[in-house]
Amino acid sequence: MKSSSPAASPVRPAGAAPSAARRTAAGEAGARRRVRRQLPTSPWLFAAPGLVIVGWFILYPFVSTVINAFTDKRQLVEGKYVGLANFRELLHDEMFWIGLRNSTLYVLVVVPALVILPLLLAMLVQKQIPGITFFRSAFYTPVVASIVVVGLIWVWMLDERGLVNAVLEAVGAGKVGFLSDQWLLLFSAMAVTVWKGLGYYMIIYLAALANVPRELHEAAAVDGAGPIRRFVSVTVPAVRSTMVLVAALSSVAAFKVFSEVYLMAGPAGGPAGEDTTLVMLVQRTGTGLTGRVGYASAISVVIFVVTVALMLLVLRADRKENR
């Protein structure tokens, strides 16, 4: 009787097809080669729409403005190259110096307020107390409101027959010309800018304060430090980088201010144009059928150079503080 034995596996002859594992490995290697061949071009294909938009709406206008700054181009009239004539004219233009004065003053007043006040506001709304969500939303509401609507509301409030003057008359004080006095009008526009920006920078500070360890405040309190001392010694050093960011953003925005002053002072720029800012001067000079596009472009180049210089000064001051 024959004994049963397991069937012997057939012997694979030489030159036979590779095993399934080898076929799988070969397939994976081929897939990797195909992916590797696609990598150099695939990211650019995804980035192409964004690059086209940035190039068309940002880079092209910037380059065009720089080129026009050295020409005498006007609306509907091609200009010719005039070199530095537009920049030399700026030095003798009284309105340019008025605009530079107002824009610089705007930065000196608005930036410190937008660096300190939102931080204090963030520390206030950071506390977990009943109803704090309502106040957070209320403080942020001006940020999402249209600047045109905000400007018109403040104009109605500060007008001679507006709410503020009505309250002043009710308490026995006289009317105040918020919109007719040169300096009151400019500082009123600054107040609107600060009021509208508080909520935006408050959110930035809230994110920074969330990363400050509570143990630092507790240790400072144990050492006998009061609220002011803890603020100076613990909070400010912990959020210094955020303060630099807020200073850079607010300084650029303040120097390029347009809407608030335009809405409150009007197209003329207040009494005798004394409240005109540089961006308002660009709009007034470069628009219309007789607009001097070349001269307005020269003013725009000056604004760009000054804003870049402001950011570099802020960053340099921060480096000195960290040394």
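Source: prediction; values computed, not measured. (Residues numbered from 1 in each chain as written. Predicted model: local features only at pLDDT ≥ 70, side-chain atom pairs only at ≥ 80, totals over all residues. Heavy atoms only, no water.)

1. A short note on the packing of helix H9 (residues 214–222) against helix H10 (residues 227–238)
A pair of packed helices is captured by two measures, namely the crossing angle of their axes and the spacing between those axes. As a packed pair, H9 and H10 sit with axes 10 Å apart at the nearest point and diverge in direction by 145°. Between H9 and H10 the crossing geometry is right-handed. Touching Leu216, His217, Ala220 and Ala221 of H9 are Arg230, Val234 and Thr235, all from H10. (Axes fitted to C-alpha atoms, helices over the stretch in contact; angles between N-to-C directions. Helix = DSSP H or I, 4+ residues; strand = E, 2+ residues; numbered from the N terminus. Left-handed = near helix turned anticlockwise from the far one by under 90°. Contact = heavy atoms within 4.5 Å.)

2. Here's the deal with the packing of aromatic side chains
This model, assessed by the stated rule, comprises nine aromatic pairs. Aromatic side chains Phe96 and Trp97 sit 5.4 Å apart centroid to centroid with 70° between the ring planes, which places their arrangement in the edge-to-face category. On the accessibility criterion, Phe96 (5% relative accessible area) is buried. Looking at Trp97, the relative accessible area reads 43%, which means it is partly exposed. Judged by centre distance (6.5 Å) and plane angle (40°), the ring pair of Phe135 and Phe139 falls under tilted. Remark: Phe139 and Phe135 occur in helix H5 (residues 132–144); sequence separation between them is four residues, near one turn of the helix. Judged by its relative accessible area of 41%, Phe135 is partly exposed. One aromatic cluster is present, formed by Phe134, Phe135 and Phe139 through successive ring pairs. Positioned over the ring face of Tyr295 is Arg292, at 4.5 Å from the centre of the ring. (Phe/Tyr/Trp six-rings, centres within 6.5 Å; stacked < 30°, edge-to-face > 60°. Buried < 20%, exposed > 50% of the residue type's maximum accessible area, 1.4 Å probe, protein only. Lys NZ or Arg CZ within 6 Å of the ring centre and 35° of its normal.)

3. A word on unusual backbone geometry
Of note, the phi angle at Leu76 is positive, near 65°, even though the residue is not glycine. Considering the arrangement of structural elements, one finds Leu76 in the loop between helix H2 (42–68) and helix H3 (85–91). For Ala272, which is not glycine, the phi torsion reads 60° and is therefore positive. Looking at where Ala272 falls in the secondary structure, it is placed in the loop between helix H12 (259–265) and helix H13 (278–286). You can call Ala272 exposed: its relative accessible area is 72%.

4. Observations regarding a nonpolar patch on the surface
On the surface, Phe62, Val63, Val66, Ile67, Phe304, Val305, Val308, Leu312 and Leu315 cluster together to form a nonpolar patch covering roughly 740 Å² of accessible area. Only H2 and helix H14 (293–322) provide two or more residues apiece to the nonpolar patch. Counting residues per element, the nonpolar patch draws most heavily on H14, which supplies five residues. (Patch = residues over 30% accessible without salt bridge, like charges linked within 9 Å, V, L, I, M, F, W, Y side chains within 5 Å. Areas by Shrake-Rupley, 256 points an atom, 1.4 Å probe, with all protein chains shown as cover. Salt bridge = Lys/Arg side-chain N within 4 Å of Asp/Glu carboxyl O.)

5. Brief notes about the confidence of the model for the protein
On average, residues of the protein carry a pLDDT of 85, and 86% of them reach 70 or more. Counted against residues more than four places away or in other chains, residues 1–9, with its pLDDT under 50, gives zero contacts. (pLDDT = per-residue confidence, 0-100.)

6. Quick look at the pattern of salt bridges
Taken as a whole and assessed by the stated rule, the structure comprises two salt bridges. Here Arg292 makes a salt bridge to Glu89, at a shortest N to O gap of 2.9 Å. One end of the pair, Arg292, is in the loop between H13 and H14; the other, Glu89, is in helix H3, and 203 residues separate them in sequence. Among the residues examined, Glu89 registers a relative accessible area of 32% and is labelled partly exposed. Residue Arg101 pairs with Glu274 through a salt bridge whose shortest N-O separation is 3.4 Å. With Arg101 in helix H4 (residues 94–125) and Glu274 in the loop between H12 and H13, this residue pair connects regions lying 173 residues apart in the sequence. Of the residues examined, Arg101 reaches a relative accessible area of 32% and is grouped as partly exposed.

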